[in-house]
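Take a look at the letters that make up each chain.
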Amino acid sequence: YGEPLEGAPGETKEIAFSGLELGNHTVEGVTQIEKDGAMIGDRKSSVSFKVRISSSFSYTLPVDLNLNQDVYDNFLVVNVNNDDKTWQADAEQFVYSYGSTAADDWFISPAVEIPEVTKRLEFSITAKVQSGSYPEKFEVFIGREQSVAGMTECVLPLQEIKNTDFSEFASNFALSEPGRYYIGVRCCSKANQYRLYVKNMKLAVSDVPNTAPSRPTDLEGDGLVTGELKARVSFRFPVTDLGGNAL
């Protein structure tokens, strides 16, 4: 692009652009006329537009998304509690700002194509709060439809966070069948908190096999109020692997 075009007064020209990234773009045109062997005039005009995804679009693994205003319109945002607060976006991140009622607000991704399910998947998202005095809550689901009702499998259970710097929250999970999936993030903070920020979301094939042990259970801790800097911690070894089979 940038090559000069010739045209008669009033003539319409059409230019096809290809290879553009999703998001906002601006095209600028400059008009000039040749006179006595020189180009004169420098009148400019511009138009801005957004390249959006089609209904048939799907991401392929691995997915690594920077959540900001450039991709915001590609997500479905659902204000379940129908108040005046829901997910928004700026140049750096997605943001949920507090309201006078408890949050129940989702953003749901475009489709992700998962071609086979013989391996587990690794999910992660980075998040932070505006103030540690105002904790925020969120959870993450996956499903076969881009709707709240379609969010059928929990990927990341409820997180209550107080960190004011971006931290990663991750999980490892398996799906039962291949196909097109959608990832939904639900803010469910209490009323009158502050702001929840999310910035990066990833989904990739995991190196962890289904035969790996599941997590320990019955974890307990006792600070031993004895005046010594000691504690007693106990836990139970897992009895199944990540696939649900007995160890």
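Residues numbered from 1 in each chain as written. Predicted model: local features only at pLDDT ≥ 70, side-chain atom pairs only at ≥ 80, totals over all residues. Heavy atoms only, no water.

### Some points on the pattern of salt bridges
Next, step 1: Per the counting criterion, the structure on display carries five salt bridges.
Next, step 2: Across the pair Glu 11 and Lys 13 runs a salt bridge whose closest N-O atoms are separated by 3.6 Å.
Next, step 3: Glu 11 gets classed as partly exposed once you look at its relative accessible area, which sits at 43%.
Next, step 4: Of the charged contacts, one joins Glu 177 and Arg 144 as a salt bridge, the two residues approaching to 2.8 Å between their closest N and O atoms. Of the two residues, Glu 177 sits in the loop between β13 (167-173) and β14 (179-187) while Arg 144 sits in the loop between β11 (136-143) and β12 (153-161), which places them 33 residues apart along the sequence.
Next, step 5: Given a relative accessible area of 41%, Glu 177 falls into the partly exposed group.
Next, step 6: Salt bridges sharing common partners tie together Asp 104, Glu 139 and Arg 186. (Salt bridge = Lys/Arg side-chain N within 4 Å of Asp/Glu carboxyl O. Buried < 20%, exposed > 50% of the residue type's maximum accessible area, 1.4 Å probe, protein only. Helix = DSSP H or I, 4+ residues; strand = E, 2+ residues; numbered from the N terminus.)

### Brief notes about the pairing of strand β15 (residues 195-205)
The side chains of a regular strand alternate between both faces of the sheet.
Next, step 1: Two strands pair when backbone bridges link them, and strand β4 (residues 63-66) and β15 are joined in this way by four bridges, in the antiparallel orientation. Considered in β15, the bridge of Val 63 is made with Leu 203.
Next, step 2: Note: strand β10 (residues 121-129) against β15, eight bridges, orientation antiparallel. For Ser 124, the partnering residue across the bridge sits in β15 and is Lys 202. (Pairing = 2+ DSSP bridges.)

### Examining the environment of Glu 122
Next, step 1: In this structure, Glu 122 sits in strand β10.
Next, step 2: Taking the C-alpha atoms as reference, Glu 122 lies 4.6 Å from Asn 172; in sequence the two are 50 residues apart.
Next, step 3: Engagement of the side chain of Glu 122 in a polar contact is seen with the side chain of Asn 172, the distance being 2.9 Å. (Polar contact = N/O pair within 3.5 Å; in protein donor to acceptor, adjacent residues only side chain to side chain.)

### With respect to the packing of aromatic side chains
Two aromatic rings are characterised by how far apart their centres lie and by the angle between their planes.
Next, step 1: The final tally for this structure, using the stated rule, is twelve aromatic pairs.
Next, step 2: Look at Phe 57 and Tyr 59: their rings are 4.9 Å apart centre to centre, the planes differ by 85°, and that puts the pair in the edge-to-face class.
Next, step 3: For Phe 57, a relative accessible area of 25% gives the class partly exposed.
Next, step 4: On the basis of relative accessibility, which here comes to 13%, the residue Tyr 59 falls in the buried class.
Next, step 5: For the pair Phe 235 and Phe 237, a centre-to-centre distance of 5.2 Å together with 70° between the ring planes defines the contact as edge-to-face.
Next, step 6: Looking at Phe 237, the relative accessible area reads 63%, which means it is exposed.
Next, step 7: Three or more aromatic residues joined by ring pairs form one cluster here, namely Tyr 72, Phe 75, Trp 87, Phe 94, Tyr 96 and Phe 107.
Next, step 8: Positioned over the ring face of Tyr 197 is Lys 128, at 5.4 Å from the centre of the ring.
Next, step 9: The cationic tip of Arg 144 hangs over the ring face of Tyr 181; the distance from NZ or CZ to the ring centre is 4.7 Å. (Phe/Tyr/Trp six-rings, centres within 6.5 Å; stacked < 30°, edge-to-face > 60°. Lys NZ or Arg CZ within 6 Å of the ring centre and 35° of its normal.)

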